[in-house]
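The chain contents come next:
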Amino acid sequence: MEHYWIFADRKENFGIVTKFIPNPDLNQGKSRTHMKPRSWMRYKKSKIYNMRKFKQELGVDIVWQAHTHPSGNEKLHTIDRKILKYLSNGVMIIIIPEKPEENLKGNLIGWYYDKRYTKKPIIERMVFEVISE
Ligand SMILES: [Zn+2]
């Protein structure tokens, strides 16, 4: 499982993904499965710190965390949900790597989560489209 930062620019109602880089904070350990953060507080602090840093230093509008689901599963894992619940609001992007030998097409699925104002969390799927110019 690999973790990334994804950067996007806002254009009207859209976010245009411009690039992504590995997230060394979460890539330690080379785990193949989902793992709970060792410290929830540190996870949250480091996420907020890095998002702010990237926005300032790179001048990007949107910073998202992403990780791969090599199984091809587009849904949030139980641990993904627990993390979002702890953060109470945020976006988690799932990257499905391309595997031609298994007929798996690469894909990008985003999940928006918000439980700040409602008892039941709002979970919305974000649609990504490939545009060529
Ligand atoms: Zn996941």
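Here the structure is a predicted model, which means the values were calculated and not measured. Numbers given to residues run from 1 along each chain, matching the order in which its sequence is written. Note on the predicted model: pLDDT of at least 70 is required for a residue's local features to be given, and 80 or more for side-chain atom pairs to be given and counted; whole-chain, interface and lining totals, by contrast, use all residues.

1. Overview of the environment of Arg 42
1) Next: Take Arg 42: it is sitting in helix α2 (residues 40-58).
2) Next: Burial is judged by counting the other C-beta atoms within 10 Å of a residue's own C-beta: 20 or more makes it buried, 12 or fewer makes it exposed, and any count in between marks it as partly exposed, with every C-beta position built from the backbone. Taking the number of C-beta atoms within 10 Å as the measure of exposure, Arg 42 has 11 and is therefore exposed.
3) Next: As a C-alpha pair, Arg 42 and Lys 119 span 77 residues in sequence and 26 Å in three-dimensional space. Secondary structure elements are defined from DSSP: runs of H or I of at least 4 residues count as helices, runs of E of at least 2 residues count as strands, and each element is numbered from the N terminus.

2. Observations regarding the sheet that holds strand β6 (residues 122-126)
1) Next: Two strands pair under a simple rule: DSSP has to find at least two bridges between them. Judged by pairing direction, the sheet is mixed, and its six strands sit side by side in the order β2-β1-β3-β4-β5-β6 without closing on themselves. The sheet is open, and its two borders are formed by β2 (14-22) and β6, each paired with just one other strand. Looking at each pair of strands side by side, their axes are set apart by 30° on average, direction ignored.
2) Next: Sheet analysis places strand β3 (residues 62-68) next to strand β4 (residues 89-96), joined by four bridges and oriented parallel. Simply put, an axis is a line fit to the C-alpha atoms, just over the touching stretch for a helix, and the angle between two N-to-C directions goes from 0 to 180 degrees.

3. Looking at the nonpolar core
As a rule of thumb, soluble globular proteins bury nonpolar side chains together.
1) Next: A set of buried residues qualifies as a nonpolar core if it consists of Ala, Val, Leu, Ile, Met, Phe, Trp, Tyr and Cys joined through C-beta atoms within 7 Å. Among the nonpolar cores identified, the biggest contains twelve residues, and these are Trp 5, Ile 6, Phe 7, Ala 66, Leu 76, Ile 83, Leu 84, Val 91, Met 92, Ile 93, Ile 95 and Tyr 113.
2) Next: Those elements that place two or more of their residues in this core are β1 (3-11), α3 (78-87) and β4.
3) Next: Looking at which element gives the most residues to this core, the answer is β4, with four residues.
4) Next: Residues in contact with Trp 5, not counting those within four places in the same chain, are Phe 20, Ile 21, Asn 23, Phe 54, Val 63 and Gln 65. Contact criterion: two residues are in contact if their C-beta atoms, reconstructed from the backbone, are within 7 Å.

4. A look at the environment of Leu 58
1) Next: Following the sequence through the fold, Leu 58 ends up in helix α2.
2) Next: Residues Leu 58 and Thr 68, ten residues apart in the sequence, show an inter-C-alpha distance of 24 Å.

5. Some thoughts on the pairing of β3
1) Next: Sheet topology note: the β1/β3 ladder contains six bridges and is antiparallel. Residue Phe 7 lies in a different strand from β3, and its bridge partner there is Val 63.
2) Next: The path from the first strand over the helix to the second decides the hand: if it runs clockwise while the strands point away from the viewer, the crossover is right-handed. What joins β3 to β4 is α3, and the crossover it makes is right-handed.

6. Examining α2
1) Next: End to end, α2 covers 27 Å across 19 residues, agreeing with the expected 27 Å (1.5 Å per residue, within 8%).
2) Next: Looking one or two residues past α2, Gly 59 carries a phi angle of roughly 65°, positive in sign. What a helix is expected to span follows from its residue count: subtract one and scale by 1.5 Å.

7. A look at the environment of Asn 23
1) Next: Here Asn 23 lies in the loop between β2 and α1 (24-27).
2) Next: The spacing of Asn 23 and Gln 65 is 42 residues in sequence and 8.3 Å in space, taken between C-alpha atoms.
3) Next: If we ignore the near neighbours within four places in the chain, the residues touching Asn 23 are His 3, Tyr 4, Trp 5 and Gln 65.

8. Concerning the confidence of the model for the chain
1) Next: The pLDDT value tells you how sure the predictor is about a given residue, anywhere from 0 up to 100. On average, residues of the chain score 91 in pLDDT, and 97% of them reach the 70 mark or higher.
2) Next: The element-level mean pLDDT for the chain is lowest in α1, coming to 85, with α3 highest at 97.

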